[in-house]
Amino acid sequence: MSGPNAMGEYLLSLTAPRTGSPRRPRRKTVPTGILQLLDAVGLPAFVESPMFDVLAPSALATALSPSIRPRENRLWSMFLDEGERDLHPDREHSDYQFLMIRRIARARHDIRPTCQQESRDCS
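Residues numbered from 1 in each chain as written. Predicted model: local features only at pLDDT ≥ 70, side-chain atom pairs only at ≥ 80, totals over all residues. Heavy atoms only, no water.

Details of helix H6 (residues 91-108)
Because each turn of an α-helix spans 3.6 residues, side chains separated by three or four positions in sequence point in the same direction. For H6, spanning 18 residues, the distance from its first C-alpha to its last is 25 Å, which sits close to the expected 26 Å at 1.5 Å a residue. Buried within H6 are the following residues: Ser94, Asp95, Phe98, Arg102, Ala105 and Ala107. (Helix = DSSP H or I, 4+ residues; strand = E, 2+ residues; numbered from the N terminus. Expected span 1.5 Å × (residues − 1). Buried < 20%, exposed > 50% of the residue type's maximum accessible area, 1.4 Å probe, protein only.)

Comments concerning the environment of Asn73
Along the polypeptide, Asn73 turns up in the loop between helix H3 (59-64) and helix H4 (74-80). C-alpha of Asn73 to C-alpha of Glu48: the two residues are 25 residues apart in sequence and 8.7 Å apart in space. In contact with Asn73, other than residues within four places in its own chain, are Met51, Phe52, Asp53 and Arg102. Within the structure, the side chain of Asn73 is placed 3.0 Å from the backbone nitrogen of Trp76, a separation counted as a polar contact. (Contact = heavy atoms within 4.5 Å. Polar contact = N/O pair within 3.5 Å; in protein donor to acceptor, adjacent residues only side chain to side chain.)

Things to note about a nonpolar patch on the surface
Among the surface-exposed residues, Ile34, Leu37, Val41 and Leu43 lie close enough to one another that they form a single nonpolar patch of about 330 Å² accessible area. In this fold, Val41 is placed in the loop between helix H2 (32-40) and strand S1 (46-48). (Patch = residues over 30% accessible without salt bridge, like charges linked within 9 Å, V, L, I, M, F, W, Y side chains within 5 Å. Areas by Shrake-Rupley, 256 points an atom, 1.4 Å probe, with all protein chains shown as cover. Salt bridge = Lys/Arg side-chain N within 4 Å of Asp/Glu carboxyl O.)

Shown next as structure tokens:
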């Protein structure tokens, strides 16, 4: 794929209707070895799901940003938490990037949340 037309076609293909039933996002569990690595690495680090839910943070990551905690959605924190927004000086560009990454993640993982999940995300 090369050139602006090819990229445009690809992006449009992501919006095409899908056939088949939607997959529900599975509850993710972090392997014990990864949890041990988060504790041992000595750097701010965390594991997140394809939809930006924090699954496991290191203590240093939570110290750096209190919104990096289990079950917190990083994308929604970016929009709703002023402290988190302040970490991204170019907010307009960052907002756009986060939304595009979320769309790509949904397409890649064939995640089509139910209306109930969408309303929870937006409340």
